[in-house]
Structure formats: C-alpha cells, structure tokens
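Structure assessment
What follows is each chain in one-letter form.
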Amino acid sequence: MKKILFLMMGVALMVSCGNSSEKMKRLAKENLELSVDYPKQLKVLAVSEPDSAFGTGYFTKDEVKGMLRTMKVVTDTIMKRTGNMSRFNPEDHYVVSLAERQMRSMADIRSLIMKGDKKGEFSGWKVRIDYQCVDANGLPFRSERWCFIDKEGKQVYKSFELPIP
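My aim in this report is to walk through the structure given alongside it, one point at a time. Each residue is numbered by its place in its chain's sequence as written, counting from 1. Reporting of local features is limited, given that this is a predicted model, to residues whose pLDDT is at least 70; pairs of side-chain atoms are given and counted only at 80 or more, and all residues count toward the totals for whole chains, interfaces and linings. With hydrogens and water stripped out, all remaining heavy atoms of the structure feed into the side-chain values.

What follows covers the nonpolar core. Joining through side-chain atoms within 4.5 Å is the link that ties buried Ala, Val, Leu, Ile, Met, Phe, Trp, Tyr and Cys residues into a set, and such a set is a nonpolar core. Between buried and exposed lies partly exposed: a residue is buried under 20% and exposed over 50% of the maximum accessible area for its type, with that area taken using a 1.4 Å probe on protein chains only. By size, the foremost hydrophobic cluster in this structure holds 15 residues, and its most contacted members are Phe59, Met67, Trp146, Phe160 and Leu162. Secondary structure is summarised from DSSP: a helix means a run of H or I of at least four residues, a strand means a run of E of at least two, and numbering begins at the N terminus for each. For this core, the secondary structure elements donating two or more residues are helix H2 (61-82), helix H3 (93-115), strand S4 (140-149) and strand S5 (156-164). The greatest single-element share of this core, amounting to 5 residues, is contributed by H2. Sequence-distant contacts of Met67, defined by excluding residues within four places in its chain, comprise Phe59, Ile109, Leu112, Trp146, Phe160 and Leu162. Two residues form a contact once any of their heavy atoms are found within 4.5 Å.

A separate point is unusual backbone geometry. When glycine is set aside, most residues are seen to have a negative phi, and most peptide bonds are trans. Phi at Asn84 is positive, roughly 55°, even though this residue is not glycine. Secondary-structure assignment places Asn84 in the loop between H2 and H3. By relative accessible area, which is 60% here, Asn84 ends up exposed. In this model, Met85 sits at a positive phi of 70°, which is unusual for a non-glycine residue. Considering the arrangement of structural elements, one finds Met85 in the loop between H2 and H3.

Below, the structure written as structure tokens:
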C-alpha cells in the first residue's frame, strides 16, 4: 500500500512540475513576442526546459563557453563579409544589424565574465529560446534569448539576447 501511495505522489509531483515548466516556457515566449518588431514573423526554433537560476549573472562554465563560441562565430561572420573590415559597407544592413545586436549582447557577457562564477542563492528559473524573426529593416535574423523568471514562475524579470548568424 505504501508503494502505491509513493507512486501516486511521485506521479502527482511530476505532473505538477510539468505544468509549471510549460507555464514558464509559455511566459518566456510571450515575453519574446513583446520584444520583437514583427511578432507575426516570429518563429520559435527551440525552447529549453526551465533550469535553476542563481541570480541573473550566474551561468555554468559550459553555458558561458557556448555564449563565447557564439560571439566568435558572429565576429567571424562579420569579418568574412567585410573582408576584415576593409570592405565595410554601411549600406549592408545585415552586417550593421548583426554588429549592433552583438554589441548589445557583449555588455551582458562582459558582466558575466567580470563577476566570475559566483553562485548566489536560488533566484528563480532561466529559459533559453532560439528563434528567428524579421528586424525593423525587414531582414531575417536568428537569436538566442535567455529569460530569467521569478521563483514562482510568474514573471520574467530580466532577459538578454545573443545573435546567431
């Protein structure tokens, strides 16, 4: 009888966690929709499962390495397209848009690196969304958005993006 009771409690807990996980993913998607220029053009490519967050600046070493690899790919793409900036064309909206998005995200990454890997207290959840959309110039782009959600899973309190070329 005890085994059945524990099994039922485990199933109830998994269903409860699954529902809150889906709610947090939906909340992150809604937050994303509010931030893009053309929400009807938004295509969500992937959404991660919510993961524990310990402040808005703590990421695992693998997450930080992944972000730095992404920024290197962005830089390489810009350099290749502009001939190491020798053929920079300010009318190339793709390069200008990609560079602007990279500069915005680098401020967040710099602060992550400067803080080191100081793990604070549990502050909520983080969800990563990979998506593509259209910018204000009508050009398609891809990005990775990190949303930080409060402990109760009800509100996004910070987000930042990394461009993906």
